[in-house]
Amino acid sequence: MTTSDTRPARPFGAVGTAMVTPFSADGRALDLDAASALAAHLVEHGHDQIVVSGTTGESPTVSDREKIELAKAVRAAVGPEVSIVAGVGSNDTVHSIELARAHADLGLDGLLVVSPYYSKPSQAGILAHVRAVADATDLPVMLYDIPGRTGVPFSRDTLLALGEHERIVAVKDAKGDLLEASLVMAQTGLAYYSGEDALNLPWLAIGAAGIVSVVGQVAGDLERAMIDAVDRGDLAAARAASTSLAPLVEAIMTRMPGVVAAKHALHLQGVLPHAALRGPHVPADDDQVRALAAALDAAVGIPPLDPSRRPE
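Remember, it's a predicted structure, so these values are computed and weren't measured experimentally. (Residues numbered from 1 in each chain as written. Predicted model: local features only at pLDDT ≥ 70, side-chain atom pairs only at ≥ 80, totals over all residues. Heavy atoms only, no water.)

Peer 1: Quick one: what's the story with the side chain of His129, residue by residue and with numbers?
Peer 2: Note that His129 resides in helix α5 (residues 123–134). Taking the relative accessible area as the measure of exposure, His129 reaches 3% and is therefore buried. Among all residues touching His129, those that are not within four sequence positions of it are Ser90, Asp92, Thr93, Ser96, Val113, Val114 and Pro116. (Helix = DSSP H or I, 4+ residues; strand = E, 2+ residues; numbered from the N terminus. Buried < 20%, exposed > 50% of the residue type's maximum accessible area, 1.4 Å probe, protein only. Contact = heavy atoms within 4.5 Å.)

Right, here's the structure in full:
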């Protein structure tokens, strides 16, 4: 069987990362130079998709003006073959529509729309919200299903209904219901992207188009190797890459918030000038940074640490 026979449709590429948002050292301003350099670094290390202003991009703390500036800078930093998807979701439908329209002419490839958080709308409310945002521009939409943060999932019936919309083309799933997703994929043209690093290989095995990772900030080459192995039907190689990724998933996703670990990891590798965050996130403590550095040091197939930034 050839690769072209097995590769799923990929409206936004295969290897994606929810990119962190670099700030000035005091956290008050965007660092657009660092954002551009980081985007280029991700592309150099296996990525064909970058998501900006997502959860890992600290989107609740980034103003609308900053979101636009960030999207422009990242689009300019990478070639046209790289998909750029911008988060525009909120729990305010009017605000989400305005933000979607503000991104419409930036040369982006899609919009990420999360189920409305905090308000806990009904499924009918979710349908109305997402359809209104999708109708606001001509850009394709990736749904973001992460009930652990929003409090409300996209139900199967809601996904089936949204899959009928011509511009709603994909789902980033951090819900982890592989059976439900298999049924949705069988009944719609929606492309699924794993939004949970620990489940990337299982998602790919059931037909996901790709991943939108946090760990990919530092391990894009390994993730590319895993996806390429799945595409050619080489389960052993895919499992080997997944096994290599597992300690990094543990270090970045389970010991502190993912954005905190990702920013510190990128700083340790010399990619970011510092690991500044905006509240409510706070920096990792010294013990956490040392443990993270040890995990990065032990990993094979990722960029090495910057010697000048090794913790004592």
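Peer 1: Would you mind going over the UniProt feature "active site" (unreviewed entry) in the protein in detail, with residue names and values included?
Peer 2: Here the UniProt-annotated "active site" (unreviewed entry) positions come out as Tyr144 and Lys172. For the residues just named, distributed over 29 residues, the greatest C-alpha separation is only 4.8 Å, placing them together at one site. Topologically, Tyr144 is positioned in strand β5 (residues 141–145). Excluding its chain neighbours within four sequence positions, the residues that come into contact with Tyr144 are Thr55, Leu112, Val113, Val114, Ser115, Phe154, Lys172 and Ala174. Within polar-contact distance, the side chain of Tyr144 engages the side chain of Thr55 at 3.4 Å. By relative accessible area, which is 5% here, Lys172 ends up buried. Here Lys172 is in contact with Ala18, Leu112, Met142, Leu143, Tyr144, Asp145, Tyr193, Gly195 and Val212, once residues within four sequence places are set aside. (UniProt positions renumbered as here; feature names shortened; annotations may be inferred. Polar contact = N/O pair within 3.5 Å; in protein donor to acceptor, adjacent residues only side chain to side chain.)

Peer 1: Requested: an account of unusual backbone geometry, with residues and values cited.
Peer 2: The residue after Gly279, namely Pro280, is reached through a cis peptide bond having omega 20°. Even without being glycine, Ser53 reaches a positive phi, approximately 60°. Notably, Glu58 is not glycine yet its phi reads approximately 55°, a positive angle. Along the chain, Glu58 falls in the loop between β2 (49–52) and α3 (64–77).

Peer 1: Provide a residue-level description of helix α2 (residues 32–44), including the pertinent values.
Peer 2: End to end, α2 covers 18 Å across 13 residues, agreeing with the expected 18 Å (1.5 Å per residue, within 8%). Inspection of α2 places Ala34, Ala35, Leu38, Ala39, His41 and Leu42 among the buried residues, and these make up the whole buried set. One side of α2 carries all its buried residues, which in axial view fall inside an arc of 160°. Facing away from the buried surface of α2 by more than 90 degrees, the exposed residues are Asp33 and Glu44. Residues of α2 that are buried in the fold lie against β1 (15–18), β2, α3, α10 (216–231) and α12 (258–268). Between a side-chain oxygen at the N-terminus of α2 and the backbone nitrogen of Asp33 the separation is 3.3 Å; the capping residue is Asp31. In the stretch just after α2, Gly46 is the one whose phi turns positive, near 90°. (Expected span 1.5 Å × (residues − 1). Arc of directions from axis to C-beta.)

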